[in-house]
Amino acid sequence: SQKIEQNSEALNIQEGKTATLTCNYTNYSPAYLQWYRQDPGRGPVFLLLIRENEKEKRKERLKVTFDTTLKQSLFHITASQPADSATYLCALVVNDYKLSFGAGTTVTVRA
Amino acid sequence: GAGVSQTPSNKVTEKGKYVELRCDPISGHTALYWYRQSLGQGPEFLIYFQGTGAADDSGLPNDRFFAVRPEGSVSTLKIQRTERGDSAVYLCASSYRGGGSGANVLTFGAGSRLTVL
């Protein structure tokens, strides 16, 4: 069956450190993968998209990698700040329009 | 509007009642989606509209759930004979074109939290 797994444990890190989140998937062949941020009581907000033929994508302090052989994406937040505290969701694009989401990883950045 | 607007933000109802949840997408977005999110889970696809028509309703859990988008803008998700298991946050999202044109980035509303007692 199809499955998307993100870090099962919440991530607690010290301000200034790098947070690394994993997204592993099985029985999918996504053309691209997206990362969203979700704050409590809010809807997900798009952060980054990476295509299957791209190894790495960066946006400010965020970096995403995509390894279609390992069926894994890594999401890095460098020089983390307390304002980065949120739940981060990975999403695979299925059938061109349908997103399949992982359960998310909650990140808490301590000042 | 500036963003995707959903009403009500909170709805508490009794088992067996009928519920309507409304979504007002970003102006000019032809694609509209409904997702459902249970506590501790990621959003789960329910239905996708391209214009006025439901292009994919494969995620609707059963025939108690129905959604419409009569004029290609505002959409209403309708749930009949609500059950306790329907309690969740119902998220609406829109995008400029939907599938077939490469990357499809969704803009989500804040959601409607439904609690069935």
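Up top you'll find the structure we're talking about.
The text that follows walks through the structure, step by step, so that each part is easy to find. Quantities reported herein were computed from a predicted structural model and do not represent experimental measurements. (Residues numbered from 1 in each chain as written. Chains lettered and ligands numbered in written order. Predicted model: local features only at pLDDT ≥ 70, side-chain atom pairs only at ≥ 80, totals over all residues. Heavy atoms only, no water.)

### Some details on the pattern of salt bridges
Stage number 1. Across all of its chains, the model carries nine salt bridges over all chains by this definition.
Stage number 2. For Arg61(A), the salt bridge is made with Asp84(A), and the minimal N-O distance between the two is 2.9 Å. You can see Arg61(A) sitting in the loop between β6 (56–59) and β7 (62–67) and its partner Asp84(A) sitting in the loop between β8 (72–77) and β9 (86–94), a full 23 residues away along the chain.
Stage number 3. Under the relative-accessibility criterion, Arg61(A) is labelled partly exposed at 25%.
Stage number 4. For the salt bridge of Glu44(B) with Arg36(B), the shortest nitrogen-to-oxygen distance reads 3.9 Å.
Stage number 5. Accessibility expressed as a relative area gives 42% for Glu44(B), which makes it partly exposed. (Salt bridge = Lys/Arg side-chain N within 4 Å of Asp/Glu carboxyl O. Helix = DSSP H or I, 4+ residues; strand = E, 2+ residues; numbered from the N terminus. Buried < 20%, exposed > 50% of the residue type's maximum accessible area, 1.4 Å probe, protein only.)

### Thoughts on the side chain of Arg64(B)
All names here are of chain B.
Stage number 1. Here Arg-64 is to be found in the loop between β6 (53–56) and β7 (65–68).
Stage number 2. Residue Arg-64 is classed as buried on the basis of its relative accessible area, which comes to 6%.
Stage number 3. Among the polar contacts listed, one links the side chain of Arg-64 to the side chain of Asp-86, at a separation of 2.8 Å. (Polar contact = N/O pair within 3.5 Å; in protein donor to acceptor, adjacent residues only side chain to side chain.)

### Things to note about the nonpolar core
Stage number 1. Of all hydrophobic cores here, the largest spans 25 residues; its most connected members are Ile4(A), Leu21(A), Tyr25(A), Leu33(A), Trp35(A), Phe75(A) and Tyr88(A).
Stage number 2. Those elements giving two or more residues to this core turn out to be β2 (11–14), β3 (19–26), β4 (32–38), β5 (45–51), β7, β8, β9 and β11 (105–110) of chain A.
Stage number 3. Take this core: its biggest share by element is five residues, from β9(A).
Stage number 4. Listed in part, the 20 residues of the second largest apolar core include Val19(B), Ile47(B), Phe49(B) and Phe65(B). (Core = buried A, V, L, I, M, F, W, Y, C linked by side-chain atoms within 4.5 Å.)

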